[in-house]
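The chain contents come next:
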Amino acid sequence: MTTQKNKTAHPLSRSSGDNHAPNQMWGGRFAEGPAEAMERINASIDFDRRLYAQDIAASQAHCKMLIAQGIVPAQDGTAILGGLDTILREIEAGGFPFRVEYEDIHMNVEARLRELIGEAAGRLHTARSRNDQAVTDFRLWVRDAVDALDGQLADLQSALIDQAEAHAASVMPGFTHLQAAQPVTLGHHLLAYVEMFGRDRGRLADGRARMNECPLGAAALAGTSFPIDRAATAKALGFARPTANSMDSVSDRDFAMEFLATGAILAVHLSRLAEELVIWCSAGFGYVRLSDAFSTGSSIMPQKRNPDAAELVRGKAGRVIGALNTVLVMMKGLPMSYGKDMQEDKEPVFDAAETLSICLGAAAGMIRDMTPDPTAMRAATAVGFLTATDLADWLVRVLGMPFREAHHATGAIVARAEQRGCDLAELPLTEMQAVEPRITGAVFEVLSVDNSVQSRTSLGGTAPTRVLEAAAAARGRFL
Ligand code: ARG
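Within every chain, residues take consecutive numbers counted from 1 along the sequence as written. Under the rules for a predicted model, residues below a pLDDT of 70 receive no local features and side-chain atom pairs below 80 are neither given nor counted, while totals for whole chains, interfaces and linings still include all residues. The side-chain quantities take in all heavy atoms of the structure and omit both hydrogens and water.

Digging into the overall build of the protein
- Where helices and strands are cited, they refer to DSSP runs of H or I of at least four residues and of E of at least two residues respectively, numbered from the N terminus. Summing up its helical and strand segments, the protein has 18 helices and six strands in all.
- Atoms considered for the radius of gyration are the C-alpha atoms alone. The globule rule reads 2.2 Å times the number of residues to the power 0.38. In terms of overall dimensions, the protein is more spread out than a globule: its C-alpha atoms have a radius of gyration of 31 Å, far above the 23 Å expected for 479 residues.
- Each principal axis of the C-alpha atoms in the protein carries an extent, and together these give about 100 × 55 × 40 Å.
- Out of the 479 residues belonging to the protein, those deemed buried represent 48%.
- Taking as baseline every contact in the protein between residues at least 6 positions apart, the subset at least 24 positions apart corresponds to 73%.
- Computed with a 1.4 Å probe, the accessible areas rest on the Shrake-Rupley method; for each residue, only the protein chains presented here act as cover. For the protein, the exposed surface amounts to about 22200 Å²; the carbon and sulfur share of it is 54%.
- Neither His nor the chain ends is counted toward charge; the positive residues are Lys and Arg and the negative residues Asp and Glu. Where a charge lies is defined by one atom per residue type, namely NZ (Lys), CZ (Arg), CG (Asp) and CD (Glu). Charge-centre separation for the protein: the mean point of 47 positive side chains lies 1 Å from the mean point of 58 negative side chains. Residue exposure (1.4 Å probe, protein chains only): buried if accessible area is under 20% of the type maximum, exposed if over 50%, otherwise partly exposed. Contacts are assigned to residue pairs with any non-hydrogen atoms lying within 4.5 Å of each other.

Structural data, given as structure tokens:
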């Protein structure tokens, strides 16, 4: 026995104290308990205690099924159900003695059950294994996380749609390559994010439907010889059906990977929105003012209003993408069926789910509270020749020029405006006629940014009327 006691109080040391007794759950063939280092690498209770509610719910469903099938005597089964209720209350009251020597949430609950009701507790683990138990709990947890994130996404969409309606006609430069491209409205820009978050919700829903199968009853990997009713436990836990293959049941972590993949895409979307806010509230842009509630000051520069929340939303995308990577790499190359490696699935999922929840809350708050500055956005449309495409389209529509030719002529007109340091709408007609003599004064109608956005009435376009329609449609589709 090579148990090493770490005498120094190193910050990384987390000794649970002496533990030389064999594990009471499976210690029948063991003479000695685990080394401290073994316990430290093996135990998951520090993080999988978060599965307590799911663990107890799954155990209760399993126990009721065992009673109904006559596998466990009703008296013992009833004692088990009562004991599990007590444990749930103890955990929620904060008084539950989680013990690292019981490794994980599953064995902590069962050990406590034995303390509470005695030997009858030992019947609960009939016809199941920690392998199907752990993955059942985890699926339930991820399913709850999906539902919670979906609700937060709807809230963020709601905030975006409100602002989009309020600013359906607030013109601003639209960018490609972060170069001023064409005038758009802020409402249209914000509704682009409503679509992105709508797809995130669609991916969450797709994953939810796929993960909503119950692995309980797969036991260790091969199924069980007891006459269990898997359909009953699946139904009791709100699953659509039991999983079809016992080996797949205990080895599959697709639901976790899919959740993280969806989460990673969502985090990328959030980071893009956050980056827009960082840009928009910078002094060079000034398109929006973030509320005090979502800004911080500088300890040295009194004038500063820093968009820390937006920067953190942007930065935290790295954690979520990292979580996906962690689980993908952990799963890669694992043979059938369960491997202890899979215990490493939980922390990244917990961290990603919590991170996404924090980011969604901050994003919704920033959007809801922000004050756009239509005057500053409009002023920004005066530079960059945003209506150059409108001019080219006019040459096509009114003079019948082929678009490529119109593009070339417009380029020459833009060059003249650039030389004079004025916008297209301010360029004298004679300057335009020097490039294309057939241009008339009527051209000025399409050179204003308001006319430009109003003309973009194609389906999905930025015309304020379209934006209002799209916002109303988005309410119907998403809220
Ligand atoms: N805590 C473990 C996990 O999360 C439970 C399963 C352990 N199973 C086993 N056969 N050792 O994966």
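Let's talk about the site of the ligand
- We define proximity as follows: a residue is near a molecule or strand when any one of its heavy atoms falls within 4 Å of that partner. Taken together, the residues surrounding the ligand are Ser44, Asp48, Asp104, His106, Arg130, Asn131, Ala134, Tyr338, Lys340, Gln343 and Lys346.
- Throughout this description, a polar contact denotes any pair of N or O atoms lying within 3.5 Å of each other; where both atoms belong to protein, one of them has to be capable of donating a hydrogen while the other can accept it, and for residues adjacent in sequence the pair is counted only when both atoms sit in side chains. With respect to the ligand, the side chain of Arg130 contributes an N or O atom lying 3.3 Å from a nitrogen atom.
- For the ligand, an oxygen atom lies 2.4 Å from a polar atom in the side chain of Tyr338.
- Coverage of the ligand by the protein chains reaches 86% of its 340 Å² of free accessible surface.
- When residues of the shell around the ligand are assigned to their parent elements, the largest contribution, three residues, is made by helix α6 (residues 130-166).

Remarks on the pairing of strand β2 (residues 179-185)
- As paired elements, strand β1 (residues 171-176) and β2 share six bridges and run antiparallel to each other. Across the sheet, residue Thr176 finds its bridge partner in β2, namely Gln179.
- Hairpin geometry of β1 and β2 is characterised by an intervening segment of two residues between the two adjacent antiparallel strands and by a positive phi of about 60 degrees at His177. In short, DSSP must find at least two bridges between two strands for them to pair.

As for the side chain of Arg253
- In this fold, Arg253 is placed in the loop between α9 (246-251) and α10 (254-280).
- Leave out the neighbours within four places in its chain, and Arg253 touches Val135, Met331, Tyr338, Met342 and Asp345.

Quick word on helix α11 (residues 308-331)
- Over its 24 residues, α11 extends 35 Å from the first C-alpha to the last, a length consistent with the 34 Å expected when each residue adds 1.5 Å.
- The set of residues buried in α11 consists of Ala309, Ala310, Val313, Ala317, Val320, Ala323, Leu324, Val327, Met330 and Met331.
- Looking at the packing, one finds that the buried side of α11 touches α9, α10 and α12 (346-369).
- Gly333 lies just past α11 and shows a positive phi near 80 degrees. Expected span of a helix: the number of residues minus one, times 1.5 Å.

Some remarks on the pattern of salt bridges
- Think of a salt bridge as a Lys or Arg side-chain nitrogen and an Asp or Glu carboxyl oxygen that are within 4 Å of each other. Evaluated as defined, the whole model comprises 32 salt bridges.
- The closest approach of N and O atoms between Arg112 and Glu115, which form a salt bridge, is 2.6 Å. Taken as a pair, Arg112 and Glu115 lie in helix α5 (residues 105-117) at a separation of three residues, close to a single helical turn.
- Here Arg139 and Asp252 are joined by a salt bridge, their closest N and O atoms 2.9 Å apart. Within this pair, whereas Arg139 is found in helix α6, its partner Asp252 is found in the loop between α9 and α10, the two being separated by 113 residues in sequence.
- On the accessibility criterion, Arg139 (4% relative accessible area) is buried.

Points about the packing of helix α14 (residues 388-399) against helix α15 (residues 403-420)
- Contact pair α14 / α15: the axes reach a minimum separation of 8 Å and the direction vectors enclose 135 degrees. Taken together, the axes of α14 and α15 are oblique relative to one another. The handedness of the crossing between α14 and α15 comes out as right-handed. Facing Ala388, Leu391, Ala392, Asp393, Leu395 and Val396 of α14, the residues of α15 in contact are Phe403, Ala406, His407, Ala409, Thr410, Ile413 and Val414.
- Looking at the contact of α14 with α15 residue by residue, the class counts come to ten nonpolar, two polar and one charged. Only the contacting stretch of a helix is used when fitting its axis, a line to C-alpha atoms as for every element, and angles between N-to-C directions run 0 to 180 degrees. Orientation is classified from the angle alone, with under 35 degrees giving roughly parallel, over 145 giving roughly antiparallel, 65 to 115 giving roughly perpendicular, and any other angle giving oblique. Here a crossing is called left-handed whenever its near helix is offset anticlockwise from the far helix by less than a right angle, and right-handed whenever the offset is clockwise. Under the scheme applied, nonpolar residues are Ala, Val, Leu, Ile, Met, Phe, Trp, Tyr, Cys and Pro; charged residues are Asp, Glu, Lys and Arg; polar residues are all the others, including Gly.

Digging into the confidence of the model for the protein
- Looking at the protein as a whole, its pLDDT mean stands at 95, while 96% of the residues score no less than 70.
- Per-residue confidence from the predictor is given as pLDDT, running between 0 and 100. Contacts from residues 1-6, a stretch scored under 50 in pLDDT, to residues over four places away or in other chains number 16 contacts.

Let's talk about the packing of aromatic side chains
- Here a Phe, Tyr or Trp ring, Trp counted by its six-membered ring, pairs with any other such ring whose centre lies within 6.5 Å, and the pair is stacked when the planes are under 30 degrees apart, edge-to-face when over 60, and tilted otherwise. Considering all chains together, one arrives at seven aromatic pairs under this definition.
- On the basis of an interplanar angle of 85 degrees and a centroid distance of 6.2 Å, the ring pair of Phe138 and Phe350 is categorised as edge-to-face. Of the two residues, Phe138 is situated in helix α6 and Phe350 in helix α12; the sequence distance between them amounts to 212 residues.
- Judged by relative accessible area, which is 4%, Phe350 ranks as buried.
- Aromatic side chains Trp141 and Phe350 sit 4.6 Å apart centroid to centroid with 65 degrees between the ring planes, which places their arrangement in the edge-to-face category. Highlighted residues: Trp141 in helix α6 and Phe350 in helix α12, separated in sequence by 209 residues.
- Members of the aromatic cluster, joined through ring pairs, are Phe138, Trp141, Phe255 and Phe350.

A short note on the environment of Ala154
- Note that Ala154 resides in helix α6.
- Taking the C-alpha atoms as reference points, Ala154 and Arg475, 321 residues apart in sequence, are found 9.8 Å from one another.
- The contacts of Ala154, once residues within four sequence positions are left out, are Arg201 and Leu479.

Overview of the nonpolar core
- Counting 88 residues, the largest nonpolar core has Val142, Leu156, Phe197, Phe259, Leu270 and Trp280 as its most contacted members.
- With near-sequence residues (within four places) excluded, Val142 lies in contact with Met211, Phe255, Phe259 and Val349. To qualify as a nonpolar core, a set must consist of buried Ala, Val, Leu, Ile, Met, Phe, Trp, Tyr and Cys residues joined through side-chain atoms within 4.5 Å.

Section: α10
- Taking 1.5 Å per residue, 27 residues should reach 39 Å; α10 reaches 39 Å between its end C-alpha atoms and fits that length.
- For α10, the tally of buried residues reaches 20 of 27 residues, placing the bulk of the element in the interior.

With respect to the state of the cysteines
- Throughout, a disulfide means two cysteine sulfur atoms within 2.5 Å of one another. Applying the stated criterion across every chain yields a total of zero disulfides.
- Here Cys214 is not cross-linked by a disulfide; its sulfur's nearest cysteine counterpart is in Cys63, at 15 Å.
- The buried category is assigned to Cys214, whose relative accessible area is 1%.
- The thiol sulfur of Cys359 is not disulfide-bonded, and the nearest other cysteine sulfur, from Cys281, lies at 17 Å.

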